[in-house]
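What follows is the residue order along each chain.
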Amino acid sequence: MILNKQVTNKQQKNNKVSLSFSKINSSILKNKSYLNPSLSIKILSQEFNLSEGYLSQLINKNTDSNFNDYINSLRIEESKGMLNNSDYNNYTIVAIGLESGFNSKSSFYTAFKKFTGKTPMEYKKGVRNP
């Protein structure tokens, strides 16, 4: 009987953790917070009134990645959308990276290659000339 109660408490705690992350994730997506190149775990923890450690745990547990990878994955999705969109034909690859929230060409290229296995130019050519 005690074991069942412990399991139930653990499930409730896990559900609460997932719900907390879900609210945080929804807010980040809705407000496009990831587009801010100065975004940090400190800024987010203050915004959500959580400790940096707890916020980091929430992200790690719910995304299987750390804070930087989580934010960079959102930025990469944003940049992929721009690279796919002909409205951004006049933008340089670097400009798209900066518009997506990266603060340098090198951080953009490194993250893009990590998440897609391609450089931004290779990706753009692949989508434009399938």
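As a starting point, this report considers the structure included with it.

1. Some details on helix 4 (residues 67–84)
Next up, step 1: Under the 1.5 Å per step criterion, the end-to-end length of helix 4 is 26 Å for 18 residues, consistent within 8% with the ideal 26 Å.
Next up, step 2: Among the 18 residues of helix 4, 13 are classified as buried, and the element is accordingly described as predominantly covered.
Next up, step 3: For helix 4, the N-terminal capping position is held by N66, with its side-chain oxygen 3.1 Å away from the main-chain nitrogen of N68.

2. Regarding the packing of aromatic side chains
Next up, step 1: Applying the stated rule across the entire model yields six aromatic pairs.
Next up, step 2: Ring centres of F102 and F108 lie 5.3 Å apart, and the angle between their planes is 50°; this geometry places the pair in the tilted category.
Next up, step 3: Taking the relative accessible area as the measure of exposure, F102 reaches 3% and is therefore buried.
Next up, step 4: With a relative accessible area of 1%, F108 lands in the buried category.
Next up, step 5: The interplanar angle of 85° and the centroid separation of 5.9 Å between the aromatic rings of F108 and Y109 together place this pair among those described as edge-to-face.
Next up, step 6: An aromatic cluster is defined as three or more aromatic residues linked by ring pairs; in this entry it consists of F102, F108, Y109, F112 and Y123.
Next up, step 7: The ring of F102 is capped by R75, whose NZ or CZ atom sits 5.7 Å from the centre of that ring.
Next up, step 8: The side chain of K105 reaches across the aromatic face of Y109, ending 5.5 Å from its centre.

3. Some thoughts on helix 6 (residues 105–116)
Next up, step 1: Across its twelve residues, helix 6 extends 16 Å between first and last C-alpha, which sits within 8% of the 16 Å expected from 1.5 Å per residue.
Next up, step 2: Looking at helix 6, one finds that the buried residues are F108, A111 and F112. One side of helix 6 carries all its buried residues, which in axial view fall inside an arc of 105°. Exposed residues on helix 6 whose side chains face more than 90 degrees from its buried face are S106, T110 and K114.
Next up, step 3: A positive backbone phi angle near 80° is found at G117, which sits one or two residues after helix 6.

4. Some details on the pattern of salt bridges
Next up, step 1: A complete count under the given rule lists three salt bridges for this structure.
Next up, step 2: One salt bridge in this structure joins K80 and E77, with 3.2 Å as the shortest N-O distance. On the criterion of helical spacing, the pair formed by K80 and E77 is a turn pair, its members being three residues apart in helix 4.
Next up, step 3: By relative accessible area, which is 18% here, K80 ends up buried.
Next up, step 4: Note on E77: relative accessible area 49%, which makes it partly exposed.

Conventions and cut-offs
- All chains use their own residue numbering, which begins from 1 and follows the written sequence.
- A pLDDT threshold of at least 70 governs which residues receive local features in this predicted model, and a stricter bar of 80 or more applies before side-chain atom pairs are shown or counted, although totals over entire chains, interfaces and linings include all residues.
- Note that water and hydrogens are dropped before the side-chain values are worked out from all heavy atoms of the structure.
- Each helix is a run of H or I in the DSSP string that is no shorter than four residues. Each strand is a run of E no shorter than two, and both are numbered from the N terminus.
- Expected span of a helix: the number of residues minus one, times 1.5 Å.
- Each residue gets one of three labels from its accessible area relative to the maximum for its type: buried under 20%, exposed over 50%, partly exposed in between, using a 1.4 Å probe on protein chains only.
- Pairs of N or O atoms are called polar contacts if they sit within 3.5 Å, as long as, within protein, a hydrogen donor faces a hydrogen acceptor (for residues adjacent in sequence, only side-chain-to-side-chain pairs).
- Planes of paired rings set the category: under 30 degrees apart is stacked, over 60 is edge-to-face and the rest tilted, where pairs are Phe, Tyr or Trp rings (Trp by its six-membered ring) whose centres lie within 6.5 Å.
- Two conditions define a charge located above a ring, namely a distance within 6 Å from the ring centre to NZ of Lys or CZ of Arg, and an angle within 35 degrees of the ring normal.
- In this description, the arc belongs to the directions extending from the helix axis to the C-beta atoms.
- Salt bridge, as applied in this entry: a Lys or Arg side-chain nitrogen positioned within 4 Å of an Asp or Glu carboxyl oxygen.

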